[in-house]
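Structural characterization, general
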Amino acid sequence: MTTIRSPRGNTLTARSWQTEAPMRMLMNNLDPEVAERPEDLVVYGGTGKAARNWECYDAIIGTLETLADDETLLVQSGKPVGVFRTHEWAPRVLIANSNLVGDWATWPEFRKLEAEGLTMYGQMTAGSWIYIGTQGILQGTYETFGAIARKFAAEPGNRHGNGAGTLIGTLTLTGGCGGMGGAQPLAVTMNDGAVLVVDVDESRLERRVKHGYLDEYWTDLDKAVARALEAKNERRALSVGIVGNAATVFTELLERGIAIDIVTDQTSAHDPLSYLPEGISVADWHTEAARDPDGFTLKARASMAKHVRAMVGFMDAGAEVFDYGNSIREEARLGGFERAFEFPGFVPAYIRPLFCEGKGPFRWAALSGDPADIAATDRAILELFPADEHLVRWITKAQEKVRFEGLPARICWLGYKERHLAGLKFNEMVASGELSAPVVIGRDHLDSGSVASPYRETESMADGSDAIADWPLLNALLNTASGATWVSIHHGGGVGMGRSIHAGQVIVADGTELAAQKIERVLINDPGTGVMRHVDAGYERAKDVARDRGLRVPMDERSESEG
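Residues numbered from 1 in each chain as written. Predicted model: local features only at pLDDT ≥ 70, side-chain atom pairs only at ≥ 80, totals over all residues. Heavy atoms only, no water.

Moving on, we come to the pattern of salt bridges. According to the stated counting rule, one finds 39 salt bridges in the structure shown. With a closest N to O distance of 2.8 Å, glutamate 288 and arginine 291 form a salt bridge. Remark: arginine 291 and glutamate 288 occur in helix α9 (residues 285-291); sequence separation between them is three residues, near one turn of the helix. The class of glutamate 288 is partly exposed, set by a relative accessible area of 23%. Since its relative accessible area comes to 57%, arginine 291 is described here as exposed. Taken together, the shared-partner salt bridges connect Glu216, Arg227, Glu230, Glu234 and Arg236 into one network. (Salt bridge = Lys/Arg side-chain N within 4 Å of Asp/Glu carboxyl O. Helix = DSSP H or I, 4+ residues; strand = E, 2+ residues; numbered from the N terminus. Buried < 20%, exposed > 50% of the residue type's maximum accessible area, 1.4 Å probe, protein only.)

This part takes up the packing of helix α15 (residues 419-432) against helix α17 (residues 513-536). The contact between α15 and α17 brings their axes to 8 Å, and the two run at 160°. Between α15 and α17, the angle falls in the class roughly antiparallel. Once α15 is placed against α17, the crossing between them reads as right-handed. The segment α15 lies against α17, with Arg419, His420, Gly423, Leu424 and Asn427 engaging Ala515, Ala516, Ile519, Glu520, Leu523, Ile524, Asp526 and Pro527. The residue makeup of the contact of α15 with α17, split by class, is seven nonpolar, three polar and three charged. (Axes fitted to C-alpha atoms, helices over the stretch in contact; angles between N-to-C directions. Parallel < 35°, antiparallel > 145°, perpendicular 65-115°, else oblique. Left-handed = near helix turned anticlockwise from the far one by under 90°. Contact = heavy atoms within 4.5 Å. Nonpolar A, V, L, I, M, F, W, Y, C, P; charged D, E, K, R; others polar.)

Our next topic: unusual backbone geometry. At tryptophan 129, a position not held by glycine, the phi torsion is positive, near 60°. By relative accessible area, tryptophan 129 is classed as buried at 0%. In this structure, aspartate 192 takes a positive phi of about 75° despite not being glycine. Looking at the secondary structure, you find aspartate 192 in the loop between α5 (183-190) and β7 (194-199). A relative accessible area of 24% places aspartate 192 in the partly exposed class.

Looking only at helix α8 (residues 246-256), the buried set comprises Ala246, Ala247, Val249, Phe250, Thr251 and Leu253. Capping the start of α8, asparagine 245 holds a side-chain oxygen 2.9 Å from the backbone nitrogen of alanine 247, two or three residues further along. One or two steps after α8, the chain reaches glycine 257, where phi turns positive at roughly 75°. (Polar contact = N/O pair within 3.5 Å; in protein donor to acceptor, adjacent residues only side chain to side chain.)

Printed below as a string of C-alpha cells:
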C-alpha cells in the first residue's frame, strides 16, 4: 500500500486553497504518524475511518483536485456521492457520517450495513478530516486534569498537598493509550502529576514513548507500580505505562491498596469489539471479534463490568473518579454492574462552566508543513490573550513537550468572542507572508454547542435536555450558512451507536478578504451556539455571557423584559 502523506509547501495541486485544504487534511488523517491503522483507513478509536474504502478515497481526492469555488461535494459516510453548483460562500464539502434512523441506530444494524458497504464509522474528527493526532485531545484532557487540580487545591485542608492549580504529589490511574487515551499521560505530567496507564497492546505504549507522550513503560506490574509511586512520593511528574488488561490491573491495584488519587479510563469502550476482554490475546483479538461478535460483546461487557467495579472501589476508598467519555459506564451496566453510574462524567464534573462561556477546542494546522508557521501562530495567541494565565501556560508547555504528528498543528481552548480574533490574526499573517501558506482552523466535535451526547457532553443538563439532538443540527446549519469551508454531521462518535449526534466545522484562512469575512462569522457564530444552548438550559453563567457579549437569545430577552 502506498503511504499517504499530505503535500507540504505553498504549491497548489487543487484549484484553490479552499479545496486544497480539505484534500490535505484528509491525507493528513491517514499519515502513518497520525492514523492508528492507515492501511485500513482507520484514523483512531478502533473503527473511526477517513473514507469508506480506497476506491472512495481516490474518488474524493480526484474530485477535490478539480472542484470549483462555486461547487460543493457531498460525502455520505465516506463515499463521495455528488457535486452541486452552489456559491462561493457555501461549504466546499458537506459530510454526513454513520447517521441511522433511531430504531436502527444499534451496533448490530450498523455492522450489517457496514458489511454491505453502505456506511462507515466516522468517529468525530476522523471522518471530518480534522484530526491532528493525539495533540487534538491533549489540550482538552489537560483542561480536565487542570480543573481537578484546582478542585484539590480548594478542598479544606488541601489533603493532597498539591501546589495551587497543579497535580504535584498525586498519582493518576488510567487505561488505554491509543489515539485518544495516549493524551492522558502527557496531560497529567503537564499538570505536574504522576500517572500509571494500562494498555493491552505494547505497540501503543511503545509508540507513545517514541512520540514523547509517555515517559516509559514496563511489562512487569511491580516495577511499573514502584516507579509510579516513587514519582508520587518525590512529588515529581512522571508517566509510566504497563502492558496489561485494564480490568485485571485495575482490580489488582485496588486489592493491593495502592495509594491512587485519581482514576479514569480512555479505552475504546464505546464499541465492545474494540475492547479486549480478559482471556483473549491481542493476537487473537480481531479474529475472535469477527468470528463471534455477539459472544465477544458479552465477554467485553463482562470485563468492562469488572473494570468499572474496580473504579467504583477506588471511589469508595476516596479517589477522584470520573468517566472520560467512552461509554464504559453504560457498557459495564449492560455487563451486569449496577453501580456503574455512581461516578460522574468529566463534562458535568469539570468542564460545563467552560461550555457556558462558549469555551472549547480551537485547533489549527499549518498547510505548509513548516513548524515555523505554528511557532508564529503560538506567538500571536500569546500576544492576543496575555491575561489568560492558563492558556499561556498551555502554549508554553506545548511548545516544549508536544511533538507534531503529520502536519504541524496546535490547539487551545478559546471562548465566544475570542476565537474569531485568533482566526482573523492568522488570516492577516497569511496575507502578509508572515505565514508561508494558509492554515486550516477547526475544532473537535466535542464542543459547547455542537453535540448531543447524554453519556458525555450533555450528561446531567440542568433542564434534563441531555438527549435533545436539535442543537448539533442547528450548529451545522448555522456554520453552513456562515461560510465554513466544510461542515459535518456524525452519529456515534466516541460513545457509540445510538448515543450521540455531533457536528464539526472547518474554515480556511487563506489571506483573502473573503476568508476574513467568513472567519469572523463562523468563529463568532459557532461557539455562540454553545452559549445559546446553555442559556436555554438555564445556566446563569451562560446568561451572563450572552448579555455581556451581545448574543441575542429571544426567550431570555423576553423574560428580562417581563421581569
